[in-house]
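Breakdown of the fold
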Amino acid sequence: MKINFEDILKQAKHYEEDITNFLRDMIRIPSESCDEEKVVLRIKEEMEKVGFDKITIDPMGNILGYIGHGKHLIAMDAHIDTVGIGEIKNWEFDPYIGKVVGDEIYGRGGSDQEGGMASMVYAGKIIKDLNLLDDYTLLITGTVQEEDCDGLCWQYIINELNIKPEFVVITEPTSLNIYRGHRGRMEIKVSTSGISCHGSAPERGDNAIYKMAPILLDLQELHPKLKNDPFLGKGSLTVSEIFYSSPSRCAVADGCSISIDRRLTDGETFESAIAEIENLDSVKKAGAIVEMYDYKRPSYTGLVYPTKSYFPTWVLDEKHDVCVSTVNAYEGLFNKKPLVDKWTFSTNAVSIMGRYNIPCIGFGPGHEEEAHAPNEKTFKSELVKACAMYATIPLTYLNQLNEEE
Ligand SMILES: [Zn+2]
């Protein structure tokens, strides 16, 4: 199909006010992980208003809106939970009013990432207005619990709803660059155990905290030796928490455990990361147990969907149809070459592509450095451009497939 990029851009600009107002409404509804119901209902209202063909809320609480009835299923995803606001004194304004100053919209969730949701819904509207439908079905998802357990929502959508898109556009903030990967991560626990006794005669016991000491030093030394990847960067490791068990302050501790935040680069897996730690001399000598944390917090609907706290690395090849066609959409709309890069943080693609190998590509309004920070903001001009991209991507993808036939 021949694409009229000018018309799409004009139509996106036409909806600037609607996109802004919709986003401000979402910002006004606090929606921390596991408490997203109200914002989901607000999104449903907007999807109905702009004329989505089908809207469902699944048992986990994710909202799924469909445009079109074609053969190729293309999905675009925004998580619609946010983190908390942290220390309120660091905010210069109320994080939940959606203050607007010129091009800027302020508030929790602006960049991370209710802005992506606002742009996607109006992309659906533009597809209808300009009749950009073709042999595809566009699935727009507003997903829950990402800030708490990235990708869990999509484990549910893929495994339980049996929905397998050809690819997924992740609309987390990219400053309007195209991102094709990021490092993975895992949450690891290492525990030592001992035998308690009265603190006045420590030689009678076996101190679990002392056993942890050489492990901590070995972990510190392990970090600089981890694998490097020219695109994604280096794997990393840090000890983030330490716990103990002891019958009293006047006793030898009988338990000690630590949490490790491990970032995985290309080629590193949970097996390799666990084995590296298990093979440390100090870990072997202490007989320490190395394991992954589990996540099993109920969603706002009460659904519990347990998973390991493992969020695999993913990278999409630059020459993949999905990457090429997203670049084509960008060049068609904006008449310049995009920056094709990667995220520093983690997204729902850890499960979609990391676990299930469904191609993912990132393009979103807002800036990564605004995420989780006080005075979070996003930009109307970026919301409009992202909206135009989302309306265009399905067509450039189909054109790319047709070219190859
Ligand atoms: Zn996010």
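What comes next concerns the included structure. Because the structure is a prediction, the values reported are computed rather than measured.

Our focus in this paragraph is the overall build of the chain. In terms of regular secondary structure, the chain is built from eleven helices and 22 strands. In terms of overall size, the chain behaves like a compact globule, its C-alpha atoms giving a radius of gyration of 24 Å where 405 residues would be expected to give roughly 22 Å. Taken along the three principal axes of its C-alpha coordinates, the chain extends 80 × 50 × 35 Å. A total of 405 residues make up the chain; the buried ones form 56% of that total. Restricting to contacts in the chain with at least 6 residues of sequence separation, those with at least 24 account for 78%. Entry remark: accessible area of the chain is about 16,900 Å², with carbon and sulfur atoms responsible for 49%.

Residues Met117, Met389 and Tyr390 are the most contacted members of the largest nonpolar core, which totals 95 residues. Of the residues forming this core, the biggest block, 13 residues, is contributed by helix H11 (residues 380-404).

The tally for this structure, following the rule as stated, stands at 22 salt bridges. Put simply, Glu48 and Lys44 hold a salt bridge, and the shortest N to O gap is 3.3 Å. Of this pair, Glu48 and Lys44 both sit in helix H3 (residues 37-50), four residues apart, which is roughly one turn of that helix. For Glu48, a relative accessible area of 46% translates into the label partly exposed. Residue Glu46 pairs with Lys49 through a salt bridge whose shortest N-O separation is 3.4 Å. Here Glu46 and its partner Lys49 are both found in helix H3, three residues apart, which amounts to about one turn of the helix. Under the relative-accessibility criterion, Lys49 is labelled exposed at 56%. Salt bridges sharing common partners tie together Asp25, Arg28, Arg42, Glu45, Glu46 and Lys49.

Protein ligation of the zinc ion involves His79 (NE2), Asp112 (OD) and Glu172 (OE), the donor distances falling in the range 1.8 to 2.2 Å. In terms of primary sequence, the donors binding the zinc ion are separated according to H-x32-D-x59-E. On the criterion of sequence distance, the pair formed by His79 in strand S3 (residues 72-79) and Asp112 in helix H4 (residues 110-129) is long-range, its members being 33 residues apart. Note on accessibility: His79 and Asp112 belong to one class, buried.

Backbone geometry follows two general trends: most residues other than glycine have a negative phi, and most peptide bonds adopt the trans configuration. Here the bond from Asp112 into Gln113 is cis, since omega is -10 degrees, no more than 30 degrees from zero. Inspection of the secondary structure puts Gln113 in helix H4. Its identity is not glycine, yet Gln145 carries a phi of approximately 65 degrees, on the positive side. By the element assignment, Gln145 lies in the loop between strand S6 (136-143) and helix H5 (152-159). A positive phi angle is found at Ser175, which is not glycine, with a value near 55 degrees. Here Ser175 shows up in the loop between strand S7 (167-170) and strand S8 (178-179). The class of Ser175 is partly exposed, set by a relative accessible area of 27%.

It is worth spelling out H11 at this point. Note: α-helices contain 3.6 residues per turn, so residues at a spacing of three or four share the same orientation. Compared with an ideal rise of 1.5 Å per residue, which puts 25 residues at 36 Å, H11 spans 36 Å between its outermost C-alpha atoms and is within 8% of the ideal. At Thr392, H11 shows its largest bend, some 35 degrees, and a proline, Pro394, comes one to four positions later. Counting buried positions over the 25 residues of H11 gives 19, a clear majority of the element.

A word on the pairing of strand S2 (residues 63-67). Extensive coverage of S2 is indicated by the burial of five of its five residues. What you see with S2 is no split at all: Ile63, Gly65 and Ile67 on one side and Leu64 and Tyr66 on the other are buried throughout. The pairing of strand S1 (residues 54-57) with S2 spans four bridges and is classified as antiparallel. Bridge pairing in S2 links Ile55 to Gly65.

In this structure, Ser119 sits in helix H4. The contact partners of Ser119, leaving out residues within four places of it in the chain, are Ile19, Pro365, Leu383, Ala386, Cys387 and Tyr390.

Let us look at the layout of surface pockets. Any empty space left between atoms is shown by rolling a water-sized probe over those atoms. Taken as a whole, the largest pocket holds about 260 Å³ of empty space. In this structure, the largest pocket is lined by 14 residues; those nearest its centre are Glu147, Arg185, Phe345, Ser346 and His372. The class makeup of the residues in the lining of the largest pocket is two nonpolar, three polar and nine charged.

A word on the packing of aromatic side chains. All chains considered together, the criterion is met by eleven aromatic pairs. Both rings, one in Tyr330 and one in Phe363, keep their centres 6.3 Å apart while their planes meet at 70 degrees; by these two values the pair is edge-to-face. Here Tyr330 is found in helix H9 (residues 321-334), whereas its partner Phe363 is found in the loop between strand S21 (360-362) and strand S22 (377-379), with 33 residues between them in sequence. When sorted by exposure, Tyr330 lands in the same class as Phe363, which is buried. Here the aromatic rings of Phe363 and Tyr390 are separated by 6.4 Å at their centres, their planes lie at 90 degrees, and the arrangement is edge-to-face. On the criterion of sequence distance, the pair formed by Phe363 in the loop between S21 and S22 and Tyr390 in helix H11 is long-range, its members being 27 residues apart. Take Tyr390: its relative accessible area is 0%, and that puts it in the buried class. Among the aromatic residues, those joined into a ring-pair cluster are Tyr330, Phe334, Phe363 and Tyr390. The ring centre of Tyr66 lies 4.6 Å from the NZ or CZ of Lys54, which sits over that ring. The cationic tip of Arg185 hangs over the ring face of Phe311; the distance from NZ or CZ to the ring centre is 4.0 Å.

Cut-offs used in this document
Residues numbered from 1 in each chain as written. Predicted model: local features only at pLDDT ≥ 70, side-chain atom pairs only at ≥ 80, totals over all residues. Heavy atoms only, no water. Helix = DSSP H or I, 4+ residues; strand = E, 2+ residues; numbered from the N terminus. Rg over C-alpha atoms; globule rule 2.2 N^0.38 Å. Buried < 20%, exposed > 50% of the residue type's maximum accessible area, 1.4 Å probe, protein only. Contact = heavy atoms within 4.5 Å. Areas by Shrake-Rupley, 256 points an atom, 1.4 Å probe, with all protein chains shown as cover. Core = buried A, V, L, I, M, F, W, Y, C linked by side-chain atoms within 4.5 Å. Salt bridge = Lys/Arg side-chain N within 4 Å of Asp/Glu carboxyl O. Donors = N, O, S within 2.8 Å, 3.2 Å for Na, K, Ca; no water. Expected span 1.5 Å × (residues − 1). Bend = angle between axes of the 7 residues up to and from the residue. Pairing = 2+ DSSP bridges. 1 Å grid on protein atoms, 1.4 Å probe; cavity = no way out; pocket = protein on both sides within 12 Å on 5 of 7 lines; lining within 4 Å. Points joined across faces, edges and corners; volume = space filled by probe spheres on them. Nonpolar A, V, L, I, M, F, W, Y, C, P; charged D, E, K, R; others polar. Phe/Tyr/Trp six-rings, centres within 6.5 Å; stacked < 30°, edge-to-face > 60°. Lys NZ or Arg CZ within 6 Å of the ring centre and 35° of its normal.

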